[in-house]
Amino acid sequence: MTDTSITRRGVIAATAAAAAISATGTAAFAADAQTVFITGSNRGIGLEFVKQYAGKGWNVIATTRSPDKADELKKVAAAHKNVVIEQLDVANNASVDALAAKYKGKPIDLLINNAGITGDFMNPKPQTFGTLDHNDVDNFMHTNALGPLKVTEAFYENVKLGKGKKIVAVTSLAGSFGAKFGGGIPGGYWYKISKAALNAAMVNVSMDAAKDGIIVTLLSPGTVRVEKIGNAKMPGLIEPVESIGGMIKVIDGLQPSDAGQIIRYNGERQPY
Ligand SMILES: NC(=O)c1ccc[n+]([C@@H]2O[C@H](COP(=O)([O-])OP(=O)(O)OC[C@H]3O[C@@H](n4cnc5c(N)ncnc54)[C@H](OP(=O)(O)O)[C@@H]3O)[C@@H](O)[C@H]2O)c1
């Protein structure tokens, strides 16, 4: 597979890092490497996915809603010619359709629906019963549940063209009834509801995708020390390298019998 045309179109010209990439004309994808498409790639779990797949020699389509501000991601792209940055707002259908049109006919081996919002840890009131801000719910649903479904639908033909034939979505313990919604800690209404909806959507897609030999699963990353957590102390907190390394191992080993399941970063099954 030669994805040079993808990378040529994906170069973001207005940045120093991109200038370094475009100095060679294109950020050429390796013809014999697999291709992964990642949402929410500029920080946190998405950025670590980019780093690890880039390090493994995969072609990486790293999407972010604000490429201009994605300084860390641009550094990774500058250091790896197999990383291309694309603009994508998963909560905006027009944005998803525009990028899908650009990639029409290009194989994608693995689609990772990672982008998501949790809400402001320092201000739990909008997601607390009694003070719920009902104006927030659309944003949560569109970003965490409907967006990943739209992205999956829009890039489904690309995954069908790929050899890997895998689609994953990053969910949370907070979305599982059987895990007492994140250990039974109250609050977080919009986050929990939207992740439960994401689970329902992806289980449904997994049934539709089986006929095409595509495995669709949900991944649960654990509690991961992303940038916004900083040095805060939280029970069970793990570093991104462990969580994402674990999820990549899970992805590598996915079997048809895993379709529609929720699998934790350490390989354990998570109840719905
Ligand atoms: N960290 C954890 O402990 C943990 C635990 C369970 C599940 N998760 C899940 O893991 C995923 C990643 O979380 P994280 O911890 O890495 O969070 P994070 O550090 O807050 O990063 C979230 C990412 O999603 C992007 N994003 C938000 N809205 C978007 C939109 N409309 N379109 C495109 N991108 C959008 C953000 O981009 P901007 O920079 O533009 O905002 C950012 O890249 C989420 O789905 C989250 O629910 C995380």
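Model, not experiment: these values are computed from the prediction. (Residues numbered from 1 in each chain as written. Predicted model: local features only at pLDDT ≥ 70, side-chain atom pairs only at ≥ 80, totals over all residues.)

*Asks:* Residues and numbers for the nonpolar core, please.
*Replies:* Ile-38, Val-50, Val-60 and Ala-62 are the most contacted members of the largest nonpolar core, which has 61 residues in total. No other element matches the six residues that helix α3 (residues 44-55) contributes to this core. Excluding residues that lie within four positions of it along the chain, Val-60 makes contacts with Val-36, Ile-38, Val-50, Tyr-53, Ala-54, Asn-82 and Val-83. Ranked by size, the runner-up nonpolar core spans seven residues in total, among them Leu-173, Ala-174, Phe-181 and Tyr-189. (Core = buried A, V, L, I, M, F, W, Y, C linked by C-beta atoms within 7 Å. Buried ≥ 20, exposed ≤ 12 C-beta atoms within 10 Å, placed from the backbone. Helix = DSSP H or I, 4+ residues; strand = E, 2+ residues; numbered from the N terminus. Contact = placed C-beta atoms within 7 Å.)

*Asks:* Tell me about the pairing of strand β3 (residues 83-87), residues and numbers included.
*Replies:* Counting buried residues in β3 gives four out of five residues, a clear majority hidden from the surface. As defined by bridge partners, strand β2 (residues 59-64) adjoins β3 across five bridges and the pair is classed as parallel. Note that in β3 the partner of Thr-63 across the bridge is Glu-86. At this point the chain moves from β2, through helix α4 (residues 71-79), to the parallel β3, and the crossover so formed is right-handed. (Pairing = 2+ DSSP bridges. Right-handed = clockwise from strand over helix to strand, strands pointing away.)

*Asks:* Residue-level account of the sheet that holds strand β1 (residues 35-38), with values.
*Replies:* Within a beta sheet, neighbouring strands are joined by backbone hydrogen bonds and run either parallel or antiparallel to one another. With mixed pairing, the eight strands of this open sheet are ordered in space as β3-β2-β1-β4-β5-β6-β9-β10. The open sheet has two free edges, formed respectively by β3 and β10 (269-270), since each of these has just one partner strand. Of the strand pairs in this sheet, β1 and β2 are connected by four bridges, and their pairing is parallel. What sits directly across from Val-36, in β2, is Val-60. Here helix α9 (residues 189-209) sits on the sheet and contacts β5 (166-170), β6 (215-220) and β9 (262-264); the angle it forms with β6, its principal contact strand, is near 155°. (Axes fitted to C-alpha atoms, helices over the stretch in contact; angles between N-to-C directions.)

*Asks:* Describe the packing of helix α5 (residues 93-102) against helix α6 (residues 137-154), listing the residues and the values that go with them.
*Replies:* In the contact formed by α5 and α6, the axes pass within 10 Å of each other and the chain directions differ by 20°. Taken as axis vectors, α5 and α6 run roughly parallel relative to one another. The interaxial crossing formed by α5 with α6 has right-handed handedness. Listed contacts from α6 to Asn-93, Val-96, Asp-97 and Ala-100 of α5 are Lys-150, Val-151 and Ala-154. A breakdown of the residues in the contact of α5 with α6 according to their chemical character gives four nonpolar, one polar and two charged. (Parallel < 35°, antiparallel > 145°, perpendicular 65-115°, else oblique. Left-handed = near helix turned anticlockwise from the far one by under 90°. Nonpolar A, V, L, I, M, F, W, Y, C, P; charged D, E, K, R; others polar.)

*Asks:* Break down the environment of Gly-245 for me, citing the residues and quoting the values.
*Replies:* Looking at the element boundaries, Gly-245 is found in helix α10 (residues 240-252). The exposure class of Gly-245 is partly exposed, given the 14 C-beta atoms found within 10 Å.

*Asks:* Tell me about unusual backbone geometry, and please be specific about residues and values.
*Replies:* If you check the backbone angles, Lys-165 has positive phi at about 55° while not being a glycine. Its place among the elements puts Lys-165 in the loop between α7 (156-161) and β5. On the neighbour-count criterion, Lys-165 (20 C-beta atoms within 10 Å) is buried. Phi at Lys-180 is positive, roughly 50°, even though this residue is not glycine. On the secondary structure map, Lys-180 appears in helix α8 (residues 180-183). Overall, the presence of 12 C-beta atoms within 10 Å leaves Lys-180 in the exposed class.

*Asks:* An account of the site of the ligand is needed here, citing residue identities and associated values.
*Replies:* Lining the immediate surroundings of the ligand are 27 residues, of which Gly-40, Gly-44, Ile-45, Ala-115 and Gly-116 lie closest. Secondary structure elements with two or more residues in the shell around the ligand: α3 and β7 (223-224). It is α3 that contributes the most residues to the shell around the ligand, three residues altogether. Here the residues of the shell around the ligand are counted per class, giving ten nonpolar, twelve polar and five charged. (Near = placed C-beta within 6 Å.)

*Asks:* With reference to specific residues and values, describe the packing of α6 against α9.
*Replies:* Where α6 contacts α9, the axes come no closer than 8 Å and their chain directions differ by 15°. The orientation of α6 with respect to α9, classified from their angle, is roughly parallel. The handedness of the crossing between α6 and α9 is right-handed. Note on element contacts: α9 touches α6 through Trp-190, Tyr-191, Ser-194, Lys-195, Ala-197, Leu-198, Ala-201 and Val-205, opposite Val-137, Phe-140, Met-141, Asn-144, Ala-145, Pro-148, Leu-149 and Thr-152. Partitioned by chemical class, the residues of the contact of α6 with α9 number twelve nonpolar, three polar and one charged.

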